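What the coordinates show
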Amino acid sequence: MCITNAKRSGSTDSIFGPVKNPWSYSKQFREKRKACCPDSNESSDWVITGGSSGGSAASVSAGTCYVALGSDTGGSTRNPACHCGIVGLKPTYGLVSRHGLIPLVNSMDVPGILARCVDDAATVLGVIAGHDPQDATTIQDHILPFTLPDVIDLSKLCVGIPKEYHAPGLSSEILSIWTKAADMMEKAGAKVVEVSMPHTRYSIVCYHVLCTAEVASNMARFDGLEYGHRADIKDSTEAMYSATRRGGFNDVVRGRILSGNFFLLKQNYEKYFLKAQKVRRLIADDFVNAFKSGVDILLTPTTLGDAAPYLDFIQEDNRTRSAQEDVFTQCANMAGVPAITVPAGLSSRGLPLGLQFIGQAFCEQQLLSVAKWFEKQTNFCPLVLHKTHDNGHIDKRQSKSAFSL
């Protein structure tokens, strides 16, 4: 099992350097890239994993481990899972202990699971779910292993399509597989209906206010005195504080801390933080109302498109990238409901595309069963690594054919 994390939506800001998506070296991507850009340089022409748990996703996608854990605060497990062509599960808040997880946003953080298939994700969830006396937010109930049926009947299932998730910037390829998936589920006997979640358009702004506020609070403990990094400055305690926090946090984290402290100032508290908490409640109520209307599962995109080239990704500022990449995923964290992304096809560039299923709180059994059904229909497992090693041998890792658009 692998546990890695690198902040932000591309996994490009880690102290160890950016994480490369294994699909950058796939036969599918390289052949299509060579056809359109014959002069492309393989050493610099690679795509991001998504983030922030991009290291975990890359490890599973490349076949170096069977499963991995990540941390999902606003989609940090599902986003890289989608870009790397694997399964990414965010359980219900409180189902899995956060003890041992370095806190970023306590009210949204959930340990996520990345796996090659839905059955593997279900197996891991059955092991790690349940009450933990070290985490007061975990449920008290005893959790049984999650066993998914081989034959799944969709005739009594109602699938909701949130109309507000037709977000600006959604690629035509994602829209195509989203529509195709809905049609496929309807043909299998499921009832597919359009639902409205009217507060979705406020969610990304609300998320960033709450996220930065909690980040500022959580990061305050890293002062160089009790544990962690300490700068070698002995002029004064204040100088040591300042140098420690400047050396221990990169620009992204420092920016969040500054923003969060601004929102938490006495004169700004009600205007920003308190108002964001009220909007969060409305967003959570949107999910409650959708499920009360008879909908069992929501079907949405996971990302706007396929993985971006690294050189293109770093041209935009962090805030812009976050607003783009978290648009479909952070609502589930604010509402505390479970969500899973499943590979659904390949883009015209030969890169993975995925779709997200969102379920009712603590209804992981149903969510995983539907995800397994969809996984069987798409039959997606197409990574074919085609890379020449120093000894001249060709490394090919082949698998089944993909669900084509």
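Residues numbered from 1 in each chain as written. Predicted model: local features only at pLDDT ≥ 70, side-chain atom pairs only at ≥ 80, totals over all residues. Heavy atoms only, no water.

An unreviewed UniProt entry annotates the protein chain as Glutamyl-tRNA(Gln) amidotransferase subunit A, mitochondrial of Engystomops pustulosus. Heading Subcellular location (unreviewed entry) of the UniProt record for the protein chain holds this comment: "Mitochondrion". The heading Sequence similarities (unreviewed entry) in the UniProt record of the protein chain holds the text "Belongs to the amidase family. GatA subfamily." (UniProt positions renumbered as here; feature names shortened; annotations may be inferred.)

**Focus: the side chain of aspartate 286**
Take aspartate 286: it is sitting in helix H9 (residues 269-292). For the buried residue aspartate 286, which engages in no salt bridge, the nearest side chain bearing the opposite charge is arginine 201, 9.1 Å off. Discounting residues that sit within four places of it in the chain, aspartate 286 has contacts with Met197, Pro198, His199 and Thr200. (Helix = DSSP H or I, 4+ residues; strand = E, 2+ residues; numbered from the N terminus. Buried < 20%, exposed > 50% of the residue type's maximum accessible area, 1.4 Å probe, protein only. Lys, Arg positive; Asp, Glu negative; His and termini not counted. Salt bridge = Lys/Arg side-chain N within 4 Å of Asp/Glu carboxyl O. Contact = heavy atoms within 4.5 Å.)

**Concerning the nonpolar core**
Nonpolar side chains in soluble globular proteins generally cluster together in the buried interior. Ranked by size, the top nonpolar core spans 82 residues in total, and within it Met185, Phe287, Leu299, Ile340 and Phe357 carry the most contacts. No other element matches the eight residues that helix H6 (residues 203-219) contributes to this core. Membership of the second largest hydrophobic core comes to 13 residues, among which are Trp23, Ala307, Tyr310 and Phe380. (Core = buried A, V, L, I, M, F, W, Y, C linked by side-chain atoms within 4.5 Å.)

**Some thoughts on the packing of helix H4 (residues 118-128) against helix H13 (residues 364-378)**
At a minimum axis distance of 9 Å, the contact between H4 and H13 shows a crossing angle of 160°. Of the possible angle classes, the one that applies to H4 and H13 is roughly antiparallel. In the packing of H4 onto H13, the handedness of the crossing is left-handed. Within the contact between the two elements, H4 uses Val118, Asp119, Ala122 and Leu125 and H13 uses Glu364, Leu368, Ala371, Lys372 and Glu375. Here the residues of the contact of H4 with H13 sort into five nonpolar, no polar and four charged. (Axes fitted to C-alpha atoms, helices over the stretch in contact; angles between N-to-C directions. Parallel < 35°, antiparallel > 145°, perpendicular 65-115°, else oblique. Left-handed = near helix turned anticlockwise from the far one by under 90°. Nonpolar A, V, L, I, M, F, W, Y, C, P; charged D, E, K, R; others polar.)

**Let's talk about the confidence of the model for the protein chain**
Of the residues in the protein chain, 86% reach a pLDDT of 70 or more, and the chain-wide mean stands at 86. Contacts from residues 1-7, a stretch scored under 50 in pLDDT, to residues over four places away or in other chains number 26 contacts. (pLDDT = per-residue confidence, 0-100.)

**What about the environment of aspartate 132?**
By secondary structure assignment, the location of aspartate 132 is in the loop between H4 and strand S5 (158-162). The spatial distance from the C-alpha of aspartate 132 to the C-alpha of leucine 95 is 9.6 Å, given a sequence separation of 37 residues. Residues within four places of aspartate 132 in sequence aside, it is in contact with Ser97, His99 and Thr138. A polar contact is formed between the side chain of aspartate 132 and the side chain of serine 97, at a distance of 2.6 Å. (Polar contact = N/O pair within 3.5 Å; in protein donor to acceptor, adjacent residues only side chain to side chain.)

**A closer look at the state of the cysteines**
The bond known as a disulfide is covalent and runs between the sulfur atoms of two cysteines. Taken as a whole and assessed by the stated rule, the structure comprises zero disulfides. Left without a disulfide partner, cysteine 82 is nearest to the cysteine sulfur of cysteine 84, which lies 9.3 Å away. (Disulfide = S-S within 2.5 Å.)

**Some thoughts on the packing of H6 against H9**
Where H6 contacts H9, the axes come no closer than 9 Å and their chain directions differ by 130°. Relative to H9, the element H6 lies oblique. By crossing handedness, the relation of H6 to H9 is classed as left-handed. Note on element contacts: H9 touches H6 through Tyr272, Phe273, Ala276, Gln277, Val279, Arg280 and Ile283, opposite Ser203, Cys206, Val209, Leu210 and Ala213.

**Side note on the UniProt feature "active site" (unreviewed entry) in the protein chain**
If you check UniProt for "active site" (unreviewed entry), the listed places come out as Ser52 and Ser76 in our numbering. Separation in sequence by 25 residues is not matched in space for these annotated residues, since their most distant C-alpha atoms are only 4.7 Å apart. Structurally, serine 52 can be placed in the loop between helix H1 (27-36) and helix H2 (54-61). Assignment of secondary structure puts serine 76 in the loop between strand S2 (67-72) and helix H3 (78-83). Apart from residues no more than four positions distant in its own chain, serine 76 is found in contact with Gly51, Ser52, Ser53 and Ser71. Polar contacts involving the side chain of serine 76 include one to the side chain of serine 52, which spans 3.2 Å.

**Quick word on the side chain of glutamate 214**
On the secondary structure map, glutamate 214 appears in helix H6. For glutamate 214, which is buried and forms no salt bridge, the nearest opposite charge comes from arginine 280, at a distance of 4.6 Å. When near neighbours in sequence (up to four residues on either side) are disregarded, glutamate 214 contacts Leu104, Val105, Asn106 and Ser107.

**Digging into the packing of aromatic side chains**
Going through the model one piece at a time under the given rule, you end up with eight aromatic pairs. Summarising the aromatic geometry, the rings of tyrosine 269 and phenylalanine 273 are spaced 5.3 Å apart at their centres and angled 35° between planes, so their arrangement reads as tilted. Linking tyrosine 269 with phenylalanine 273, this pair stays in helix H9, spanning four residues, or about one helical turn. (Phe/Tyr/Trp six-rings, centres within 6.5 Å; stacked < 30°, edge-to-face > 60°.)

**Concerning the pairing of strand S4 (residues 110-115)**
If a strand is regular, its side chains alternate between the two faces of the sheet. Counting buried residues in S4 gives six out of six residues, a clear majority hidden from the surface. Of the two faces of S4, the one lined by Val110, Gly112 and Leu114 and the one lined by Pro111, Ile113 and Ala115 are each fully buried. Pairing between S2 and S4: six bridges, direction antiparallel. Considered in S4, the bridge of aspartate 72 is made with valine 110. Bridge count for strand S3 (residues 87-90) against S4 is three bridges, and the pairing is antiparallel. Within S4, the position partnered with leucine 89 by the bridge is isoleucine 113. (Pairing = 2+ DSSP bridges.)

**Details of helix H5 (residues 172-187)**
With 16 residues, H5 should reach 22 Å at 1.5 Å per residue; the first-to-last C-alpha distance of 22 Å fits that figure. For H5, every residue scored as buried is listed here: Glu173, Ile174, Ile177, Trp178, Ala181, Ala182, Met184 and Met185. The inward-facing, buried residues of H5 abut S5, strand S6 (191-195), strand S7 (297-301), strand S8 (339-346), strand S9 (352-358) and H13. Phi turns positive, to about 115°, at glycine 189, one or two residues after H5. (Expected span 1.5 Å × (residues − 1).)

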